[in-house]
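Results of the structural survey
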There are 2 protein chains.
Amino acid sequence: MSEHYDRYETRPQKSRESALLRDLKAIVSVAKPRAAGLRKQIRGINIAEIKRREDLARIPVLRKPDLHQMQADEPPFGGLVATRASGLRHVLIDCVEGQARDWWGAARALCAAGFRRGDLILNCFSYHLSSTGHIIDSGAAALGCAVIPAGQSRIERQLEAIHALKPQGYCGKPAFLKQLLDRATEVNCDVSSITRALVFGAPLDAQLRQDIEARGIHLRQAYATSDLGIIAYETDTPEGGLNAGMVLNENLILEIVKPGTDIPVAAGEVGEVVVTRLNLDYPLLRFATGDLSMMLPGASPCGRTNLRIRGWMGRVEDAAQVDEKLLLPAHVMQIADRHECLSRLRMTIMRDHTRDRVLLHAETSNADTSLHARLGASVQAVTGMGAEIEIVAPGTLPSDGKLIVDERTKA
Amino acid sequence: MSEHYDRYETRPQKSRESALLRDLKAIVSVAKPRAAGLRKQIRGINIAEIKRREDLARIPVLRKPDLHQMQADEPPFGGLVATRASGLRHVLIDCVEGQARDWWGAARALCAAGFRRGDLILNCFSYHLSSTGHIIDSGAAALGCAVIPAGQSRIERQLEAIHALKPQGYCGKPAFLKQLLDRATEVNCDVSSITRALVFGAPLDAQLRQDIEARGIHLRQAYATSDLGIIAYETDTPEGGLNAGMVLNENLILEIVKPGTDIPVAAGEVGEVVVTRLNLDYPLLRFATGDLSMMLPGASPCGRTNLRIRGWMGRVEDAAQVDEKLLLPAHVMQIADRHECLSRLRMTIMRDHTRDRVLLHAETSNADTSLHARLGASVQAVTGMGAEIEIVAPGTLPSDGKLIVDERTKA
């Protein structure tokens, strides 16, 4: 049965929206005198005039290179951290953790993944010069779960800990959970105490999910970054199944912008995830993650009323803007899935005078006469773009893992 | 200037002693119904009758093999942990950490080493399946220090963190601090922000201490174990120098017993450290550490009124009982220090019918006629024992690091 962490998760979206904008003003007014970097970012902007989500677009987006420049100008945190060392819990090279309970917002994700008070969690995220271990550690403390701080110990030591302590839950990267389960089978170690898992920090494909669930583990995924903590998380249907997409965490405003710009995309379009974190120690206004996602319409059937996103859809630098459309590595993979005879695929974007040209190279040793036309139709269906198709022999394309190559000169 | 963490440290020893015995009774009465292992250990003993330190001897000492047997009989903690998972913070293979502030008692040691509220600490103890990282982490939080959870990250990453974040303090093993300082010199990285250090977990010899202090670092040592946390710590003279010995931590009762027995030694004798930890989550009564130390007479000049010990003096298994005396590896090292011409030394203890014989093998290529007699006098002066002396050529003794070899059959 699905339970909520608290009543904030089920309040009307309108109440949440006005609370978020109110918190934004309050936090900026408290942090501004102590954070020179924040003052710089909002210079000339009257925060009191930000009354609706659309008004946020007045604040310039803060991208990683800007942040690094600010950090170089004013070490170590670019004047964005508003709390002194005596008020901080942990300090990392790129970020900090304050003293507030569940500072990274992990308790809601743990709760949504089925973790409950009194559970024992094997935490395989690193605690060493990494925020991920601490994200789970502090969230577990807030939820009333004890933690085995396993981090990146050797797999044999991890199995020894599972065997001795019988944790109910796993937190870590998804592939490492699979490794643990496989190794346990090899050495005949009983790890059946683990019945739930919350994973993030690396891609989870359908096959990996299926492999883990086949071992009787209730597996849920979050979307998190090491700067921001938990941004969104998967939820259960009332029957314990998986709802589509991910529900946003509380205490943050998420926008999807056209990659590389400050401008929000139209509803339902893929773009770059930009997060405003409403945190008194280290507020971040319109921080661009470099990750791609899209909003989903409507609310989640789990009863949580917050906005939903599709989850992580790749990195901005791996995508290419073609005219008004965004071409994603995921698109190329979808095209590959439609044609079993292909070994390797690559999309190349070229500039021909004033016009962008998209070229699909497809490797196959088994090209029938209709393949050319069928590939063209697939590209159109998946991306909404037209493309020239070139069929080549297997081994022609370089094996560099690139699905999209942008050959346009940045004019 | 030396400061104390709180007024408990300077209360009259008589008040502390009665508070400790009162706490012992209170904790046992709360924990007993929840901890079957504790009930087993004190079966037949009326805790209310324990009125003086001497009465503790009625409780049997708990040694590591007993503990492991109890853990095997009642996994995972042998029925000695009195708190459920929902009340614990971290769970390790051999021990737990509760939710109480500064659960391991590290804040006093940090304070005595000169750490102050607002300091930033580079914590090089591991957080992964190890309590040491968490011992410092929770102590720092209690003292109001922020922590860089560096753990066992690569040395280059550690230097990067020091360079970017400029911590004032270091916590970790002493030899690793030396490594960090040496590597920083090699790569010309400025680590001069570090001006104080609290070290434990590995031996600190005079040379290492001098090398670190020569870099302008105020270095203090604690005595800690991964089960018990901080047991004792060094303190400053009013002028900032080093007081002799270590002051005991609060909330524990320390005894020195004849190794392998339940019987306290006479005042001032070397023996095995036995600790009673007065903790509600995981009380440990008369837990034998396997470490050797001795009490020092009188109180510390720093104003802390608690008892003092000499610090860590080696492991019980590396020492040998000869008649009523204890022969320590440290004794052999002291003898070596008195004679520059020696390369390797070894003490062998043999049983000759009913009498123990001690034999000193000394390697030298430069034996003058008086060496034999001078070595005999040194053995007598350092150990209080007589020994037969045998001078051998360099390379005769095996290079296995053993200073004492006990060849008596355990009859």
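Residues numbered from 1 in each chain as written. Chains lettered and ligands numbered in written order. Predicted model: local features only at pLDDT ≥ 70, side-chain atom pairs only at ≥ 80, totals over all residues. Heavy atoms only, no water.

A word on a positive patch on the surface
All names here are of chain A. Stated formally: The patches reported here contain residues having more than 30% relative accessible area and no salt bridge. Joining distances are 9 Å for like charges and 5 Å for nonpolar side chains (Val, Leu, Ile, Met, Phe, Trp, Tyr). Throughout, the Shrake-Rupley method with a 1.4 Å probe supplies accessible areas, and for residues the shown protein chains are the sole cover considered. Each reported salt bridge corresponds to a side-chain nitrogen of Lys or Arg within 4 Å of a carboxyl oxygen of Asp or Glu. A residue counts as positive if it is Lys or Arg and as negative if it is Asp or Glu; His and the chain ends are not included. Lysine's charge is taken at NZ, arginine's at CZ, aspartate's at CG and glutamate's at CD. Strands here are runs of E lasting at least two residues and helices are runs of H or I lasting at least four, both read from the DSSP assignment and numbered beginning at the N terminus. Three labels apply to residues, based on accessible area from a 1.4 Å probe with only protein chains included: buried if under 20% of the type maximum, exposed if over 50%, partly exposed otherwise in between.
Taken together, the side chains of Lys32, Arg39, Lys40 and Arg43 present a region of like positive charge at the surface. Take Lys32: it is sitting in the loop between helix 1 (13-31) and helix 2 (36-41). Under the relative-accessibility criterion, Lys32 is labelled partly exposed at 35%.

A word on the sheet that holds strand 12 (residues 284-293) of chain A
All names here are of chain A. Basically, it comes down to this: Only strands joined by at least two bridges in the DSSP assignment are considered to pair. All axes here are fitted lines through C-alpha atoms, helices being fitted over the stretch that makes contact, and every angle between N-to-C directions spans 0 to 180 degrees. By definition, residues are in contact when any of their heavy atoms lie within 4.5 Å.
Across the sheet, which stays open at both edges, the three strands sit in the order 10-11-12 with antiparallel pairing between neighbours. Lying at the two open borders of the sheet, with one neighbouring strand each, are strand 10 (252-257) and strand 12. Ignoring which end each strand starts from, the neighbouring axes of this sheet average 25 degrees apart. Examined bridge by bridge, strand 11 (residues 271-277) and strand 12 share five bridges and lie antiparallel to one another. Note on strand 12: the bridge partner recorded for Glu272 is Leu292. Across the sheet, helix 1 touches strand 10, strand 11 and strand 12, and the angle it forms with strand 10 is around 105 degrees.

Concerning the relation of the copies chain B and chain A
The two chain copies are related to each other by a rotation about an axis together with a translation along it. Selection criterion: The superposition of copies rests on a least-squares fit of C-alpha positions from residues with pLDDT of 70 or more in both.
Once chain B has been moved 0.0 Å along the axis and rotated by 180 degrees, it coincides with chain A to within an RMSD of 0.2 Å. On the angle and the small slide along the axis, the relation comes out as a two-fold axis. Scanning chain B for the C-alpha nearest the rotation axis identifies Tyr127 of chain B, at a separation of 3.2 Å. Most of the interface of chain B is mirrored in chain A, where 100% of its interface residues again form contacts.

Section: the interface of chain B and chain A
Our working definition: What gets called buried area is simply the loss in accessible area from a 1.4 Å probe that two parts show on being joined, summed for both. Polar contact is defined as a pair of N or O atoms within 3.5 Å, subject to the rule that within protein one atom must be able to donate a hydrogen and the other to accept it, and that residues adjacent in sequence are counted only when both atoms are side-chain atoms. Basically, the charged four are Asp, Glu, Lys and Arg, the nonpolar ten are Ala, Val, Leu, Ile, Met, Phe, Trp, Tyr, Cys and Pro, and anything else, Gly included, counts as polar.
Listed per partner, the contact involves 37 residues of chain B and 37 residues of chain A. In total, chain B and chain A occlude about 3000 Å² of area from one another, counting both sides; carbon and sulfur atoms represent 61% of this. It is Ile93, His128 and Leu129 of chain B in chain B that bury the most area against chain A; as a group they hold 23% of the surface buried on that side. Viewed at the interface, chain A and chain B are joined by two salt bridges. One salt bridge connects Arg89 of chain B with Asp137 of chain A, and the closest N-O pair in it is separated by 2.6 Å. At the junction of chain B and chain A, the tally comes to 16 residue pairs in polar contact (both at pLDDT 80 or more). Looking at the side of chain B that touches chain A, the element that brings in the most residues is helix 6 (residues 155-165) of chain B, giving six residues. Taken together, the residues of the side of chain B that touches chain A break down into 21 nonpolar, 11 polar and five charged.

Topic: the sheet that holds strand 19 (residues 388-392) of chain B
Residue and element names in this part refer to chain B. On the basis of which strands lie adjacent, the open sheet formed by four strands has the order 19-18-17-20 and mixed pairing. If you trace the sheet from one side to the other, it starts and ends with strand 19 and strand 20 (404-406), each paired once. On average, adjacent strands in this sheet sit at an angle of 20 degrees to one another, irrespective of strand direction. Bridge count for strand 17 (residues 345-352) against strand 20 is three bridges, and the pairing is parallel. Looking across to strand 20, one finds that Thr348 is bridged to Val405. Its contacts with the sheet put helix 9 (residues 329-337) on strand 17 and strand 20, and the angle it makes with strand 17 is roughly 125 degrees. Against the sheet, helix 10 (residues 371-383) touches strand 17, strand 18 (355-363) and strand 19, its axis set at about 130 degrees to strand 19.

Looking at the environment of Asp356 of chain B
Residue and element names in this part refer to chain B. If you trace the backbone, Asp356 turns up in strand 18. C-alpha of Asp356 to C-alpha of Arg220: the two residues are 136 residues apart in sequence and 40 Å apart in space. Ignoring sequence-local partners within four residues, the contact set of Asp356 consists of Val322, Asp323, Met350, Arg351 and Arg408. Polar contacts involving the side chain of Asp356 include one to the side chain of Arg351, which spans 3.4 Å.

Digging into the confidence of the model for chain A
Spelled out, the test is: Each residue carries a pLDDT score, the predictor's own confidence in it, on a scale running from 0 to 100.
Scored by pLDDT, chain A comes out at a mean of 94, with 99% of its residues at no less than 70. Scored as a complex, the prediction yields pTM 0.92 and ipTM 0.92.

Brief notes about the packing of helix 9 of chain B against helix 10 of chain B
Residue and element names in this part refer to chain B. Selection criterion: By definition in this entry, angles of less than 35 degrees are roughly parallel, angles greater than 145 are roughly antiparallel, angles of 65 to 115 are roughly perpendicular, and the rest are oblique. Left-handed is the label given to a crossing in which the near helix is rotated counterclockwise from the far helix by less than a right angle, and right-handed is the label when the rotation is clockwise.
At a minimum axis distance of 10 Å, the contact between helix 9 and helix 10 shows a crossing angle of 140 degrees. Relative to helix 10, the element helix 9 lies oblique. As for the relative orientation of helix 9 and helix 10, their crossing is right-handed in sense. Two secondary-structure elements touch here, helix 9 through His331, Gln334 and Ile335 and helix 10 through Leu375, Ser378, Val379, Val382 and Thr383. For the contact of helix 9 with helix 10, the residue count by class is four nonpolar, four polar and no charged.

With respect to the packing of aromatic side chains
Each aromatic ring pair is described using two quantities: the centre-to-centre distance and the angle formed by the ring planes. Condition: When two rings of Phe, Tyr or Trp (its six-membered ring) have centres within 6.5 Å they constitute a pair, described as stacked for plane angles under 30 degrees, edge-to-face for angles over 60, and tilted for the intermediate range. Note on geometry: a ring has a charge over it if NZ (lysine) or CZ (arginine) is within 6 Å of the ring centre and within 35 degrees of the ring normal.
Within this structure, the stated rule accounts for five aromatic pairs over all chains. Aromatic side chains Trp103 of chain B and Trp104 of chain B sit 4.8 Å apart centroid to centroid with 80 degrees between the ring planes, which places their arrangement in the edge-to-face category. For Trp103 of chain B, a relative accessible area of 7% gives the class buried. In this structure, Arg277 of chain A is placed above the aromatic ring of Tyr282 of chain A, and the distance from its NZ or CZ to the ring centre is 5.1 Å.

Focus on the pairing of strand 1 (residues 88-91) of chain A
Residues and elements named next belong to chain A. The pairing of strand 1 with strand 2 (residues 96-98) spans three bridges and is classified as antiparallel. Residue pairing across strands places His90 opposite Glu97, the latter belonging to strand 2. Here strand 1 folds back onto strand 2 in antiparallel fashion, the turn holding four residues.

Quick word on unusual backbone geometry
Residues and elements named next belong to chain A. Along the chain, Pro75 connects to Pro76 via a cis peptide bond; the corresponding omega equals -5 degrees. Along the chain, the position of Pro76 falls in the loop between helix 3 (64-73) and strand 1. One non-glycine residue, Arg286, lies in positive phi territory at about 45 degrees. Along the polypeptide, Arg286 turns up in strand 12.

Some remarks on the state of the cysteines
Residues and elements named next belong to chain A. Here is the rule: Cysteine sulfurs are considered disulfide-paired once they come within 2.5 Å of each other.
Enumeration according to the criterion identifies zero disulfides over all chains in this entry. In this structure Cys124 is not part of a disulfide, and its nearest cysteine sulfur, from Cys171, lies 8.7 Å away. The thiol sulfur of Cys145 is not disulfide-bonded, and the nearest other cysteine sulfur, from Cys171, lies at 8.6 Å.

Side note on helix 7 (residues 174-186) of chain A
Note the threshold: A helix is expected to span 1.5 Å for every residue after the first.
Here helix 7 of chain A is 13 residues long and its end C-alpha atoms lie 19 Å apart, about the 18 Å a rise of 1.5 Å per residue gives. For helix 7 of chain A, the secondary structure elements touched by its buried residues are strand 3 (120-123), helix 6 (155-165), strand 5 (169-172), strand 6 (196-199), helix 8 (206-213) and strand 7 (218-225) of chain A.

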